[in-house]
Amino acid sequence: MTPAPVRSRAGHAGRAGHAGRPGLLWAAPGALFFLCFAIGPLLLVGYLSFTEWDGLGGLPSFSGIGNWSRLWQDSTMRDAVVLSLLLTALTWLVQTPIALLLGVWAAGRQKNRAVLSAVFFLPLLASSVALALLWKTLLDPNFGLIADVGPWIGFSDGDVLGSPRGAFGAVLFVAAWQFIPFHTLLYQGGARQIPRSLYDAASIDGAGTVRQFFHITLPQLRNTIVTSSVLMVVGALTFFDTVLILTEGGPGTDTTIVPYWMYETGFVSRDMGYASAIATALVVVATGVSLLLVRLTGFAAMRSTREGL
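Residue positions are given per chain, counted from 1 along the sequence in the order it is written. The predicted origin of the model limits local features to residues at a pLDDT of at least 70 and limits the giving and counting of side-chain atom pairs to 80 or more, whereas totals for whole chains, interfaces and linings rest on all residues. Note: side-chain values were computed over all heavy atoms of the structure, leaving out hydrogens and water.

1. A word on the side chain of T265
Logical step 1: Topologically, T265 is positioned in helix α13 (residues 258-268).
Logical step 2: Only protein chains enter the accessibility calculation, which uses a 1.4 Å probe; a residue whose area is less than 20% of its type maximum is buried, one above 50% is exposed, and one in between is partly exposed. Accessibility expressed as a relative area gives 4% for T265, which makes it buried.
Logical step 3: Contacts: residue pairs with any heavy atoms within 4.5 Å of one another. Contact partners of T265, with chain neighbours within four places excluded, come to R270, D271, Y274, A275 and I278. The secondary structure listing takes helices from DSSP runs of H or I that are at least 4 residues long and strands from runs of E that are at least 2 residues long, numbered from the N terminus.

2. Remarks on a nonpolar patch on the surface
Logical step 1: A cluster of nonpolar residues, L32, F34, L35, I39 and L43, forms a patch on the protein surface that exposes about 500 Å² of accessible area.
Logical step 2: Along the chain, I39 falls in helix α2 (residues 24-48). A patch is a set of surface residues, each over 30% in relative accessible area and not in a salt bridge, joined within 9 Å for like charges and within 5 Å for the nonpolar side chains Val, Leu, Ile, Met, Phe, Trp and Tyr. Areas reported here follow the Shrake-Rupley algorithm with a probe of radius 1.4 Å; residue values treat only the protein chains shown as occluding. A side-chain nitrogen of Lys or Arg and a carboxyl oxygen of Asp or Glu constitute a salt bridge if their distance falls within 4 Å.

3. Side note on the environment of P164
Logical step 1: Relative to the elements of secondary structure, P164 occurs in helix α8 (residues 164-192).
Logical step 2: For the pair P164 and T255, spaced 91 residues apart in the sequence, the C-alpha separation amounts to 7.6 Å.
Logical step 3: Setting aside residues no more than four positions away along its own chain, P164 makes contact with P251 and D254.

4. Quick notes on the packing of helix α4 (residues 75-106) against helix α11 (residues 222-237)
Logical step 1: To get an axis, a line is fitted to the C-alpha atoms, and for a helix only the part in contact is used. The angle between two axes follows their N-to-C directions and goes from 0 to 180 degrees. Running from N to C, α4 and α11 point in directions that differ by 145°, and their axes come no closer than 9 Å. Where α4 crosses over α11, the two elements pack in a sense that is right-handed. Touching S84, L87, T88, T91, W92, Q95 and T96 of α4 are S229, M232, V233, A236 and L237, all from α11.
Logical step 2: Residues are sorted three ways: Asp, Glu, Lys and Arg are charged, Ala, Val, Leu, Ile, Met, Phe, Trp, Tyr, Cys and Pro are nonpolar, and all the rest, Gly among them, are polar. Looking at side-chain class alone, the contact of α4 with α11 contains six nonpolar, six polar and no charged residues. Should the near helix be turned counterclockwise from the far one by less than a right angle, the crossing is left-handed, whereas a clockwise turn marks it as right-handed.

5. Looking at the confidence of the model for the protein
Logical step 1: The predicted model of the protein has a mean per-residue pLDDT of 87, with 89% of residues at 70 or higher.
Logical step 2: Each residue carries a pLDDT score, the predictor's confidence in it, ranging from 0 to 100. Of all helices and strands in the protein, the one with the weakest mean pLDDT is helix α1 (residues 9-20) (48), whereas α13 scores best (95).
Logical step 3: Confidence drops under pLDDT 50 across residues 6-17; counting only partners more than four residues distant or on other chains, this segment forms one contact.

6. Observations regarding the nonpolar core
What tends to happen in soluble globular proteins is that the nonpolar side chains get buried as a cluster.
Logical step 1: For this analysis, a nonpolar core means a set of buried residues of the types Ala, Val, Leu, Ile, Met, Phe, Trp, Tyr and Cys, connected via side-chain atoms within 4.5 Å. With 19 residues, the main nonpolar core has L87, F239, L246 and I257 as its most contacted residues.
Logical step 2: Elements that contribute at least two residues to this core include exactly α4, α8 and α12 (241-246).
Logical step 3: With six residues, α8 is the largest single contributor of residues to this core.
Logical step 4: The contacts of I257, once residues within four sequence positions are left out, are A80, L83, S84, L87, F239 and V243.
Logical step 5: Residues A207, F213, I216 and L221 belong to the second largest nonpolar core, which totals 12 residues.

7. Digging into unusual backbone geometry
Logical step 1: The peptide bond linking G250 to P251 adopts the cis configuration, its omega dihedral lying at 0°.
Logical step 2: Tracing the backbone shows P251 in the loop between α12 and α13.
Logical step 3: With a phi close to 55°, E248 is a non-glycine residue in the positive phi region.
Logical step 4: By secondary structure assignment, the location of E248 is in the loop between α12 and α13.
Logical step 5: Unlike most non-glycine residues, R270 shows phi in positive territory, near 60°.

8. What about the environment of L185?
Logical step 1: Within the element layout of this structure, L185 appears in helix α8.
Logical step 2: The class of L185 is partly exposed, set by a relative accessible area of 37%.
Logical step 3: For the pair L185 and F121, spaced 64 residues apart in sequence, the C-alpha separation works out to 8.4 Å.
Logical step 4: In contact with L185, other than residues within four places in its own chain, are F121 and L124.

Structure, rendered in structure tokens:
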């Protein structure tokens, strides 16, 4: 009697793994949504950047590279790029250390830390528009809180938003106040994944809290820092609604960053072709910066920091 063929363990595992994977059909809804609401509009904006159109009636008329040539010669655009890069750099410098320290602190298991963390994360529950309206009221020199606080920070009349330095500082402060809790959540989650055994071993070797932070916590949070930085940079480069409500790009053009200049060009001046060129350039720059960060930090070759434990 011929014995039945024995199935190899590897072949059985391979078929089971293949059968356990969801098919491409499961990805169809998400792919269709991304195609319709991300790729499609992006391609449309790229096409409009080579046209002239007021966005109201008629069809866009092809204008070649006229909008792109104008983009390089626009002095307001150059100033907006400088302000956007400055805001991005300062946003990272302000938010990263604060969010990192708060995240590591909030990773503790004590009840008081959980309560304080919940209160601190409240800004994440409100929309950017609502928060911008709140801060615009607080910074009103006539009846806002800034009328009393202004003299303490160098604004005797309380008109912070009327000063170029004060308006830019207000935008930076509101952005940090709103988004530091989000990045704190990232660092809190990353810090809680660090094995306790590393700290126990360091304590036995005589390492104090500061040394443990720099030699254990920071290296273990490297990938979290990269992730937070990419999100922070892209968010700063596309920052818009707070500037629109808080300063309207003023005083003058002292807070006119690239996204706001795109809005002014497209929806105020009704020059959708040029606004599309600005938008396309912004997407290219934001994507390029993100890829550069991933490349320089080695995030693409990321490996688990817990490997071997």
